[in-house]
Amino acid sequence: MSGIILESIFLKRSQQKKKTSPLNFKKRLFVLTETKLSYFEYDFERGRRGSKKGSVDIDRITFVEKVIPEQAPPPERQMPQRSDEDETGQLSKIERFPYPFQVVYDEGPLYVFAPTEELRRRWIHQLKNVITSKNDVMRKYHPKFWIDGQYLCCAQTSKNAMGCQILTSSNGSIKPVRSRRMSKKPLPPTPTEEKKTSRPLPPEPPVQEEMKKVVALYGYTPMNANDLPLQKGEEYLILEEGNQAWWRARDKNGQEGYIPNNYVTEARDPLEMYEWYSKNMTRSQAEQLLKGEDKEGGFIVRESSKAGKYTVSVYAKSTAEPQGLTRHYVVCQTSQGQCYLAEKHLFDTIPEMITYHQHNSAGLISRLKYPVSSKKKNAPSTAGLGYGSWEIDHKDLTFLKELGSGQFGVVQYGKWRGQYDVAIKMIREGSMSEDEFIEEAKVMMNLSHENLVQLYGVCTKERPIFIITEYMSNGCLLNYLQESRRRFSANELLEMCRDICAAMAYLESNQFLHRDLAARNCLVNENGIVKVADFGLSRYVLDDEYTSSLGAKFPIRWSPPEVLLFSKFSSKSDVWSFGILMWEIFTLGKMPYDRFNNSEVMDHITKGLRLYRPQMATENIYAIMYSCWHDKPDERPSFLMLHNHIMDQIDE
């Protein structure tokens, strides 16, 4: 979408429901351009925009302003308490959207909830700038919500009723704006004009909330007494979604317990259950997997980079291509919703289409003979080793080999209870502010994303303390880039950037800062997937040399001017570091500003020096990097915007 002014994740309240309930509130990706305010579904696993759910033309908007919050809102719409935040106020234990504002247009008010006051202020400011030049704007407004058939501020029962409060400027005077009716319908009587004898409306029947049904994508063996086992392909009822990563569920036999929510999918998504479907696979990953299987007619169905589309990737050999060739076929749709591939053999569903092509090539490079999938091999990591288990017993750990040493001490590869691979960071005494980290670890465990190295728990009963995380067999990204003997294509490098950006967009949406994003702090698993590690740990370093602005250990080469000069961290300082990390990836692990020492780097950065374009980066890719290095933080893109720009560059 061109001409994007702002792009953010907000909580949106449904406008159509007569009664408000928790089901009426959905997280949506809002996008503002010069002509439209649009909102979309958002795939948090892939960090990708989904289908469009609605939009409002800018010339229909007549008013934008804050809303007085509800009385006794649920926790996710309450202000975080001091005890919920870290020392910078960046992290809340509950994902919160406590700052409401309203966008009023001819159909009534659209209510939106922002995660921070700063984000709400920025959106209101930009929306007002856009609409003031185009529209007649309202002079009166409703400062409170429209709930269950009336405005809480004035009890008027028409959604399009004239506002009850005059909009004033900051000095208390009436703003010189023109009044414009939202509707041509006659105004309803005000509450004082209504007849006292009018009968109240009959109560509406309570909203029946249907229980969510999910299907297990993977089998799950309980790790503690609170967990519920999962059988792949079985259906489960969700009883509670209170925890970010674990849901309370019931199986067909009536047993209840907690399940990892990344092991299940809603029952309405039928493709997830097929072995040949790989939702989050890219073109080059599909080619790599098909070539590794090296079977004639091997195929994968995957989600296309274009929202709502699917692609069938097929592998075949021929005399002209004895090494094997992969072709990619986009699933086409007719105006009636039927799907087809190379020839117009029409089918009502994708599974029916696949079944047909398993017996007939019908224009494809090969018949679909052999379904290929990585799902059956690799279940995702769970957020902790069982529900609620964040303190891990030393006795359950087996140490197998040393992987290296880092800022806090030695890192070892080991097993938990003899069967689960884990990485164990042994924290050297005096290197970390331990008590603060232990308190934060309970929150960090609930951060769960396919491109974040999962924190499983901590061992704190004895010293030294251990941090237990997901094990990544290919080690540090920096070494992976520098030491790999095979050549990486530009597309593979871009997919590494995509993986990292998806994780950072997730952290950004949870108001969590990394503070030390670099190739050395990313890891690579056995499938070549890159994951972000050590997020937030730099806050707990007790090394004076590390925290000094001129110390060798301080990440000067990855830091923006506001961090170097004022130690001012934000999500936009992480964006700057991400641009440097992209440069590291496309130079295969070179040192940024390698011709200068640290003090020279500081001087050059504050004077506007920027890194050159790597040979493997196109002008478009370099433009994405360079956009991260604006002097002013507000001019840098969000991780959501960066992710969309990267996806546009990945070949489909």
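Check the entry above for the structure.
What counts, and at which threshold
- Residues numbered from 1 in each chain as written.
- Predicted model: local features only at pLDDT ≥ 70, side-chain atom pairs only at ≥ 80, totals over all residues.
- Heavy atoms only, no water.
- Helix = DSSP H or I, 4+ residues; strand = E, 2+ residues; numbered from the N terminus.
- Contact = heavy atoms within 4.5 Å.
- Salt bridge = Lys/Arg side-chain N within 4 Å of Asp/Glu carboxyl O.
- Buried < 20%, exposed > 50% of the residue type's maximum accessible area, 1.4 Å probe, protein only.
- Pairing = 2+ DSSP bridges.
- Axes fitted to C-alpha atoms, helices over the stretch in contact; angles between N-to-C directions.
- Phe/Tyr/Trp six-rings, centres within 6.5 Å; stacked < 30°, edge-to-face > 60°.
- Expected span 1.5 Å × (residues − 1).

Colleague: Please provide a residue-by-residue account of the environment of Tyr 141, values included.
Modeller: Secondary-structure assignment places Tyr 141 in strand β8 (residues 140-141). Each C-alpha atom, one on Tyr 141 and one on Ala 161, is 9.4 Å from the other, the two residues being 20 residues apart in sequence. Other than its neighbours up to four places away in sequence, Tyr 141 contacts Phe 63, Glu 65, Lys 66, Gln 102, Gly 163, Cys 164, Gln 165, Ile 166 and Leu 167.

Colleague: Any chance you could break down the pattern of salt bridges for me, citing the residues and the numbers?
Modeller: On inspection of all chains with the given rule, the structure shows 25 salt bridges. Across the salt bridge formed by Arg 121 and Glu 118, the nearest N and O atoms sit 2.8 Å from each other. Here Arg 121 and its partner Glu 118 are both found in helix α1 (residues 117-132), 3 residues apart, which amounts to about one turn of the helix. Overall, the relative accessible area of 41% leaves Arg 121 in the partly exposed class. Judged by its relative accessible area of 36%, Glu 118 is partly exposed. Arg 498 is paired through a salt bridge with Asp 499; the nearest N and O atoms lie 2.8 Å apart. Each member of the pair, Arg 498 together with Asp 499, is buried. Each of Glu 240, Arg 248, Arg 250 and Glu 256 takes part in one network of salt bridges that share partners.

Colleague: Describe helix α12 (residues 639-649), with residues and values.
Modeller: Three or four residues apart is the spacing at which side chains of an α-helix point the same way, because the helix has 3.6 residues per turn. Of all 11 residues making up α12, 8 are buried, and the element is well covered by its neighbours. If you check which residues of α12 are buried, you get Phe 639, Leu 640, Met 641, Leu 642, His 643, Asn 644, Ile 646 and Met 647.

Colleague: Requested: an account of the sheet that holds strand β28 (residues 466-469), with residues and values cited.
Modeller: Judged by pairing direction, the sheet is antiparallel, and its 5 strands sit side by side in the order β24-β25-β26-β28-β27 without closing on themselves. In this open sheet, the two strands that pair with only one neighbour each are β24 (397-405) and β27 (455-459). In this sheet, adjacent strand axes meet at a mean angle of 25 degrees when their direction is disregarded. Relative to β28, strand β26 (residues 420-426) runs antiparallel, the two sharing 4 bridges. Bridging from a neighbouring strand, Ile 424 pairs with Ile 468 of β28.

Colleague: With reference to specific residues and values, describe the packing of aromatic side chains.
Modeller: All told, the structure shown has 25 aromatic pairs when counted by the stated rule. Ring centres of Phe 10 and Trp 123 lie 5.1 Å apart, and the angle between their planes is 75 degrees; this geometry places the pair in the edge-to-face category. Within this pair, whereas Phe 10 is found in strand β1 (residues 6-13), its partner Trp 123 is found in helix α1, the two being separated by 113 residues in sequence. Each member of the pair, Phe 10 as well as Trp 123, carries the same accessibility label: buried. Ring geometry for Tyr 220 versus Trp 246: centroids 6.1 Å apart, planes at 65 degrees, classification edge-to-face. Residue Tyr 220 is found in the loop between β12 (213-216) and β13 (235-240), and its partner Trp 246 is found in strand β14 (residues 246-250); the two are separated by 26 residues along the sequence.

Colleague: Now, about helix α6 (residues 490-509): what can you tell me, with residues and values included?
Modeller: Relative to the 28 Å expected for 20 residues at 1.5 Å per residue, α6 spans 28 Å between its end C-alpha atoms, a close match to the ideal helical length. Of all 20 residues in α6, 19 are buried, a share of seventy percent or more. Phi turns positive one or two residues past the end of α6, at Gln 511, with a value near 50 degrees.

Colleague: Describe in detail unusual backbone geometry, supporting the description with residues and values.
Modeller: Among all residues except glycine, the phi angle is most often negative; among peptide bonds, the trans geometry is most common. Between Arg 463 and the following residue, Pro 464, the backbone shows a cis peptide bond with an omega angle of 5 degrees. Along the polypeptide, Pro 464 turns up in the loop between β27 and β28. The residue Asp 294 is not glycine, and still its phi comes out positive at about 55 degrees. Along the chain, Asp 294 turns up in the loop between α2 (283-293) and β18 (298-303). Residue Asp 294 is classed as partly exposed on the basis of its relative accessible area of 36%. The residue Leu 588 is not glycine, and still its phi comes out positive at about 60 degrees.

Spatial relationships are all this shows, so hold off on functional conclusions.
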